[in-house]
2 protein chains.
Amino acid sequence: MLPDPIKKFIDLFSKLPGIGPRQATRLAFHISSAGKSNIEELAKIIYGLSDIKTCSLCFTSHNNAGYEIRNTRENTKKNLCPICSNPQRRKDIIAIIEKETDLISIERTKKFNGRYLVLGDLKKDGVLESVQKLRLNSLKNWIKKECAGQADEIVLAMNPTTYGDLNASLIANELKDSAKKITRLGRGIPTGGEIEFADEETLGAALDKRG
Amino acid sequence: MLPDPIKKFIDLFSKLPGIGPRQATRLAFHISSAGKSNIEELAKIIYGLSDIKTCSLCFTSHNNAGYEIRNTRENTKKNLCPICSNPQRRKDIIAIIEKETDLISIERTKKFNGRYLVLGDLKKDGVLESVQKLRLNSLKNWIKKECAGQADEIVLAMNPTTYGDLNASLIANELKDSAKKITRLGRGIPTGGEIEFADEETLGAALDKRG
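Residues numbered from 1 in each chain as written. Chains lettered and ligands numbered in written order. Predicted model: local features only at pLDDT ≥ 70, side-chain atom pairs only at ≥ 80, totals over all residues. Heavy atoms only, no water.

1. Some details on the interface of chain A and chain B
In this complex, chain A contributes 46 residues to the contact, which on the side of chain B involves 46 residues. Buried surface at the junction of chain A and chain B, summed over both partners, amounts to about 4300 Å²; 80% is from carbon and sulfur atoms. Among the residues of chain A in contact with chain B, Pro17, Ile46 and Leu49 of chain A are the three that bury the most area, contributing 14% of the side total. Counting across the interface, chain A meets chain B through zero salt bridges. (Contact = heavy atoms within 4.5 Å. Buried area = accessible area lost by both parts, 1.4 Å probe. Salt bridge = Lys/Arg side-chain N within 4 Å of Asp/Glu carboxyl O.)

Next comes the structure, spelled out in structure tokens:
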């Protein structure tokens, strides 16, 4: 019943995060009626995402063409993101984050001058995926070489949720020998929030951190 | 801060229905890390949507290459969808629907042997858009020519919601001279539903339509 191109679109797009079959169907009809030039633009923009590289240090997506460093000894190319290739950023403070969007949020505050490690979505059962373990190991090795064995600080910038806490304590254990101190983001009442509506734990944290 | 291809993706995709900036950002990073061949496939499938034509009678999306009829007199090409080009379907019963997905739902029942007119999303204020008025007019003209002035039945297959009702009465008024009878879809308790949870209006409709 459905035209073939629509069917193919629905099949593929309904597998993307946050898009179900209904939403994919709606999008398919919407896009197909948008006109040839708009459709071509959408396709081109998707294709453009293949220019995105992954930073070989922090695993952030970037398209920083200027910092492709050829390591002749190991004969590998290092694609460094703008942050990892910026000599002004402190090497010995590393924030471990889940998602690139968290990195963007933290950067916007202009309060962090260290580097990052993007771990990817953490699972709710508090078990690290093998790719996440590899990333933590690569950080450990990097710290050994570049920070004389120990970083100054590792910030575990996971969400302050139950499973964020679970994963953070797991990662803290992994990295306990790699940093002088391991910290989490501060907890408290968000700006604009009301004490009346703060849950007990948040209010407790706000009292602990008062000052 | 965001890589340029990601930014472009977010700009464009956050304008699609049901996708906000957050969802677009998430998709951008997800797709960009999916690997070159997957990205190419997505782009190709979007591009494939440009093969979709709009039926010149009912305005359904289709890719029915076989029914492109050249009208030599008017020197226009008519792209007819599989339903409008099917001589087995009754010409004089027309269901007016909002979305193509509604057409698909109705077709699945195999209970309707007429044709359709796709109007596009109706606005909540009960004012028809100019493109919707044009479609209704093209239907009126078509009925005049092909159904000897009047169709047998026009089914206003709008949702049984407040604004669906509002639009339906508006459209009924537009088309009052074009059909012997103008109907709506039956209302009642949905199969599997419970009387206990049916609202008063639904239950009232179910009583009216009992039999």
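Having seen the model, we can carry on.
2. Considering the environment of alanine 151 of chain B
Residue and element names in this part refer to chain B. With respect to the helices, strands and loops of the structure, alanine 151 is situated in strand β7 (residues 151–156). Owing to a relative accessible area of 0%, alanine 151 belongs among the buried residues under this scheme. Alanine 151 sits 96 residues away from cysteine 55 along the chain, and the two C-alpha atoms are 20 Å apart. Not counting residues up to four positions away in its chain, the partners in contact with alanine 151 are Asp92, Ile94, Ile143, Ser178, Ala179 and Lys180. (Helix = DSSP H or I, 4+ residues; strand = E, 2+ residues; numbered from the N terminus. Buried < 20%, exposed > 50% of the residue type's maximum accessible area, 1.4 Å probe, protein only.)

3. Examining the side chain of serine 61 of chain A
As for its position among the elements, serine 61 of chain A is in strand β2 (residues 61–62). For serine 61 of chain A, a relative accessible area of 8% corresponds to the buried category. The contact partners of serine 61 of chain A, leaving out residues within four places of it in the chain, are Ile52, Lys53 and Glu100 of chain A together with Pro3, Phe29 and Ser32 of chain B.

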